[in-house]
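Chain and residue survey
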Amino acid sequence: MVDPSHTLRLRLVREFRGVIDNMILSAHYADSPYSVQEMIEDLYRETWRNELQGRRLSP
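Keep in mind the model is a prediction, meaning the values are calculated, not measured. (Residues numbered from 1 in each chain as written. Predicted model: local features only at pLDDT ≥ 70, side-chain atom pairs only at ≥ 80, totals over all residues. Heavy atoms only, no water.)

**Considering the overall build of the protein chain**
The line we're drawing: A run of H or I in DSSP becomes a helix once it reaches four residues, and a run of E becomes a strand once it reaches two; helices and strands are each numbered from the N terminus. The reference for a compact globule is 2.2 Å times residues^0.38; the radius of gyration itself is calculated from the C-alpha atoms. Per-residue and other accessible areas follow the Shrake-Rupley method at a 1.4 Å probe size, with only the shown protein chains counted as cover for residues.
A tally of regular secondary structure across the protein chain gives three helices and zero strands. If you list the helices and strands of the protein chain from N to C, you get α-α-α. The C-alpha atoms of the protein chain give 15 Å as radius of gyration, which overshoots the globular expectation for 59 residues (10 Å, by more than 25%). Its C-alpha atoms give the protein chain principal-axis dimensions of about 40 × 40 × 10 Å. Carbon and sulfur atoms form 58% of the exposed surface of the protein chain, whose accessible area is close to 5,600 Å².

**Describing the environment of Tyr 29**
Keep this limit in mind: A simple rule labels every residue: compare its accessible area, found with a 1.4 Å probe on the protein chains alone, to the largest value its type can have, and call it buried under 20%, exposed over 50%, or partly exposed in between.
Relative to the helices and strands, Tyr 29 is located in the loop between helix H1 (4–27) and helix H2 (36–47). Of the residues examined, Tyr 29 reaches a relative accessible area of 67% and is grouped as exposed.

**Concerning the packing of H1 against H2**
How we decide: Angular values range over 0 to 180 degrees, each being the angle between N-to-C directions of two axes fitted as lines to C-alpha atoms, with helices fitted over their stretch in contact. Every angle not falling under 35 degrees, over 145, or within 65 to 115 is termed oblique; those three ranges are roughly parallel, roughly antiparallel and roughly perpendicular. Contacts were defined at the residue level, with two residues in contact if any of their heavy atoms lie within 4.5 Å. Three classes are used: nonpolar for Ala, Val, Leu, Ile, Met, Phe, Trp, Tyr, Cys and Pro, charged for Asp, Glu, Lys and Arg, and polar for all others, with Gly counted as polar.
It is at 10 Å that the axes of H1 and H2 come closest, and there the two elements cross at 140 degrees. Between H1 and H2, the interaxial angle falls into the category oblique. The residues of H2 that touch H1, namely those facing Phe 16, Ile 20, Met 23 and Ile 24, are Val 36, Met 39, Ile 40 and Leu 43. Residues of the contact of H1 with H2, tallied by class, amount to eight nonpolar, no polar and no charged.

**Some remarks on the confidence of the model for the protein chain**
Counted only if it meets this: Each residue carries a pLDDT score, the predictor's confidence in it, ranging from 0 to 100.
Looking at the protein chain, the pLDDT average stands at 81 and 93% of residues meet or exceed 70. Across the protein chain, element-level confidence peaks in H2 with a mean pLDDT of 83 and bottoms out in helix H3 (residues 49–52) with 81.

**A word on a nonpolar patch on the surface**
Quick reminder of the rule: Only residues above 30% relative accessible area that lack a salt bridge enter a patch, with like-charged residues linked at up to 9 Å and the nonpolar side chains Val, Leu, Ile, Met, Phe, Trp and Tyr linked at up to 5 Å. One speaks of a salt bridge when a side-chain nitrogen belonging to Lys or Arg is within 4 Å of a carboxyl oxygen belonging to Asp or Glu.
Taken together, the side chains of Phe 16, Ile 40 and Leu 43 present a nonpolar region at the surface, about 240 Å² in accessible area. Along the chain, Ile 40 turns up in helix H2. Among the residues examined, Ile 40 registers a relative accessible area of 38% and is labelled partly exposed.

**Considerations on the pattern of salt bridges**
Counting across every chain of the model gives three salt bridges. Between Asp 42 and Arg 45 there is a salt bridge; the shortest N-O distance is 2.3 Å. Separated by three residues within a single helix, Asp 42 and Arg 45 lie in helix H2, roughly one turn from each other. Relative accessible area serves as the criterion here: at 44%, Arg 45 is assigned to the partly exposed category. Its salt-bridge partner being Glu 46, residue Arg 49 comes within 3.4 Å of it at the nearest N-O pair. Under the relative-accessibility criterion, Arg 49 is labelled partly exposed at 41%.

Structure (structure tokens):
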């Protein structure tokens, strides 16, 4: 039996990689592209928003 958490992690990594690839491609066409670094910083801020604001994480 396959561990469901492993399957979920693998799927998320594949999706995340696809997002980065699409951002790199679109950066070649945009006048003011949204960079991979900006995306990673936004992802971090949104993922850890409650913790960064001193609130408890949801159970």
